[in-house]
Each structure stands twice: as structure tokens, then as C-alpha cells.
Amino acid sequence: MLFWLQGFTLGAALILPLGPQNTLVLNQGILRQHALTAASFCTLSDMLLIGAGVFGGSTLLQHSPLALQLISWAGVLFLLWYGWGRLKQLFVSTDAASATPPVSRQRLRLLVTLMAVTWLNPHVYLDTFVVLGSLGSQVPDAQRLWFAAGAMSASVLWFYALALLSGILSPWLQRPLARQGINLLVAVMMFWLAIHLALDALAMLTA
């Protein structure tokens, strides 16, 4: 139980800061469109990455600097594109912004975006492979599964709580002024993350 608690605490500390995954789940909850689908995708992805990191993935990443570079620059491009999309919403009329595309297009767009914010975000790999993987490798083999399960439990609890809570608060957060504020916040955060990732990638090249 002690190792489960250690994994849960560390997993929660890594997942709580607002990032692309959290932002997307929050936005879907506010829109009340496939919020649980977004939470499920992020949760399952985290579980796969945590399991891979704790049970040997950290060694693979440390010996593949080229892979980390490719992931980093792909993530930079995606964050810039996503941030620009949020920024454009500031100049769209309320009626146009509230118009919903067909359900099939919504799901396809959501799936592509979920895959990008999860698998093209190098910080996800650093958190799960490097941080959790390095600490998990120090846990006795017999207890390593409990450590991984604790970190996975933090992801399950956080993403579903975020999706449900944002849905409950949706009537207040759907107001035009609130929506504009959220879009601006998301755009600024995405641009900041893109710059941060680009600087990290350049630092790795010159190291």
C-alpha cells in the first residue's frame, strides 16, 4: 500500500499542472461534447505510458535522442496550430462559435487532437518515462506493479473529475465573456508551451 501511495502522490503532482491534455478535457466538458471520451482517451494513454515507463521505457528514451527531438518539434508545430485556432475564436461571432459540426466530424477532430496532445507532447514522455520510470526502477520488483497502479489511479481520478466538474460548471463557463477568456488563456498557454518546448529541443541539440 505504501508503494501505491507513493505512485499516486507522484502521479498527481505530475498531472495537476494545466497542460494540453487537461485543457482539452476541460474544454470538452464546458462544451458538454464527448468529455468522458476525452477523459477516457487521456486516462488509457497515461496508463500505457506509465506502464511502459515504469517497466523499462525510460532506458529506451534515454538512448533515443533523435526520437525525442522529432517528438518535440512535432509537438511545437501542433501547439502553435492549436493555439492559433483558439485565438481565432476570439474574433468569431457568438452564433458562429456556438454552431456545432456534425457528430462524426466532432469525433474525428477530437480523436486527432487527443492523439496529438498526448503522443506529440514530449513532456508526457519525460513525466512517464524519465521521472516515473527512474523512480519506479528503484522500487523492488515485487512492489513495482503497486507503484505503477498508484500513478495510474491518479490519472483516472483527475481526468474524470475534470470532465465531470467542467460539465457541471458549463452554464457559467459557456457565457460569451467567459468563453473568450478561456480561449485567450488556452491560446496564450499553448504558445508559451510551444516556445518552451522549442527552447528545450534547441538546448538538447547544443548540449
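Here, every reference points to the structure presented above.
These figures come from a predicted structure and were not determined experimentally.

Examining the side chain of N27
Within the secondary structure, N27 is located in helix α2 (residues 20–31). If we ignore the near neighbours within four places in the chain, the residues touching N27 are R86 and R179.

A few points about the nonpolar core
Ranked by internal contacts, the top residues of the largest apolar core, which has 28 residues, are L24, V25, L79, Y82, L114, F159 and M190. A per-element tally of this core places helix α10 (residues 176–206) first, with 8 residues. Excluding residues within four positions of it along the chain, L24 makes contact with Y82, L110, T113, L114 and V117. The next biggest cluster of nonpolar side chains, apart from the first, holds 9 residues, and it includes V54, V139, A151 and M152.

Topic: a nonpolar patch on the surface
A cluster of nonpolar side chains, contributed by W73, I195, L199, L202 and L205, occupies part of the molecular surface with about 500 Å² of accessible area. It is α10 that contributes the most residues to the nonpolar patch, 4 residues altogether. For L205, the location among the structural elements is in helix α10. L205 gets classed as exposed once you look at its relative accessible area, which sits at 56%.

Remarks on the pattern of salt bridges
The tally for this structure, following the rule as stated, stands at 1 salt bridge. Close ionic contact of D141 with R144 constitutes a salt bridge, the shortest N to O distance being 2.8 Å. Take D141: its relative accessible area is 63%, and that puts it in the exposed class. The class for R144 is buried, based on a relative accessible area of 15%.

Quick word on helix α4 (residues 65–88)
Along its 24 residues, α4 runs 35 Å from first to last C-alpha, staying within 8% of the 34 Å computed at 1.5 Å per residue. Taken together, the buried positions of α4 are L68, Q69, I71, S72, G75, V76, F78, L79, Y82, G83 and R86.

Focus on the packing of α2 against helix α8 (residues 144–168)
For the pair α2 and α8, interaxial distance at closest approach is 7 Å and the crossing angle is 35 degrees. The two elements α2 and α8 meet at a crossing, and its hand is right-handed. Here Q21, N22, V25, L26, G29 and I30 of α2 lie close against α8, whose contacting residues are W158, F159, L162, A163, S166 and G167. A class-by-class count of the residues in the contact of α2 with α8 yields 7 nonpolar, 5 polar and no charged.

Examining the packing of α4 against helix α7 (residues 122–136)
Between α4 and α7, the least distance of the axes is 8 Å, while the angle of their chain directions is 135 degrees. The angle between the axes of α4 and α7 places the two elements in the oblique class. On α7, the residues touching L68, I71 and S72 of α4 are P122, Y125 and L126. Looking at the contact of α4 with α7 residue by residue, the classes come out as 5 nonpolar, 1 polar and no charged.

Remarks on the side chain of Q28
Summarising the element assignment, Q28 is placed in helix α2. Aside from chain neighbours lying at most four places away, what touches Q28 is Q33, H34, A35, A38 and L110.

Topic: the packing of aromatic side chains
What the rule picks out here adds up to 1 aromatic pair. An angle of 15 degrees between the planes, with centres 5.2 Å apart, marks the rings of W4 and F8 as stacked. Here the residue W4 and the residue F8 both occupy positions in helix α1 (residues 2–15), the gap between them amounting to 4 residues, near one helical turn. Residue classification places F8 among the partly exposed residues on the basis of a relative accessible area of 22%.

What counts and how
- Residues numbered from 1 in each chain as written.
- Predicted model: local features only at pLDDT ≥ 70, side-chain atom pairs only at ≥ 80, totals over all residues.
- Heavy atoms only, no water.
- Helix = DSSP H or I, 4+ residues; strand = E, 2+ residues; numbered from the N terminus.
- Contact = heavy atoms within 4.5 Å.
- Core = buried A, V, L, I, M, F, W, Y, C linked by side-chain atoms within 4.5 Å.
- Buried < 20%, exposed > 50% of the residue type's maximum accessible area, 1.4 Å probe, protein only.
- Patch = residues over 30% accessible without salt bridge, like charges linked within 9 Å, V, L, I, M, F, W, Y side chains within 5 Å.
- Areas by Shrake-Rupley, 256 points an atom, 1.4 Å probe, with all protein chains shown as cover.
- Salt bridge = Lys/Arg side-chain N within 4 Å of Asp/Glu carboxyl O.
- Expected span 1.5 Å × (residues − 1).
- Axes fitted to C-alpha atoms, helices over the stretch in contact; angles between N-to-C directions.
- Left-handed = near helix turned anticlockwise from the far one by under 90°.
- Nonpolar A, V, L, I, M, F, W, Y, C, P; charged D, E, K, R; others polar.
- Parallel < 35°, antiparallel > 145°, perpendicular 65-115°, else oblique.
- Phe/Tyr/Trp six-rings, centres within 6.5 Å; stacked < 30°, edge-to-face > 60°.

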